[in-house]
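# A look at the structure
Now for the letters of each chain:
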Amino acid sequence: MLLLLLLVSLGTSQMAHGQKAQIDSLEQLLRTKYATKGTKEDSARIGILVKTSELLLPVNPTKSLELSKEALRLSITTGHNSYVSHIYNNTGSA
């Protein structure tokens, strides 16, 4: 039983570390390559905001909600509506 608990705990910490690395990478993209709003990359920026928001839900719901709101504003102002249902789902979960 102790061995099972140890394996589960190690697996969870590895998953959390991998998720943190993925969040960091996506946030870096938002700060650099997709930092400019109002360009043809808006759809990609929205997708990154949505994915980052989703990954942040269990660890930082406040930041997740902030990114969801930004994604929704950008989606509405640019007419990229393909992510709207996913954005509302993340917003409600946060």
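Just so it is clear, the structure is predicted and the values come from calculations on it, not from any experiment.

Under the definition given, this model contains 4 salt bridges. A salt bridge links Arg45 to Glu70; its shortest N-O distance comes to 2.5 Å. With Arg45 in helix α2 (residues 42-56) and Glu70 in helix α3 (residues 61-78), the pair connects residues that are 25 residues apart, well separated along the chain. The pair Arg45 / Glu70 is uniform in exposure class, with both members buried. The salt bridge involving Glu54 is made with Lys51; its shortest N-O contact spans 4.0 Å. A residue pair is termed a helical-turn pair when its members lie 3 or 4 positions apart in one helix, as Glu54 and Lys51 do in helix α2 at 3 residues. We classify Glu54 as partly exposed; its relative accessible area is 32%.

About the criteria used
- Residues numbered from 1 in each chain as written.
- Predicted model: local features only at pLDDT ≥ 70, side-chain atom pairs only at ≥ 80, totals over all residues.
- Heavy atoms only, no water.
- Salt bridge = Lys/Arg side-chain N within 4 Å of Asp/Glu carboxyl O.
- Helix = DSSP H or I, 4+ residues; strand = E, 2+ residues; numbered from the N terminus.
- Buried < 20%, exposed > 50% of the residue type's maximum accessible area, 1.4 Å probe, protein only.

None of the figures reported here should be taken as evidence of function without further support.
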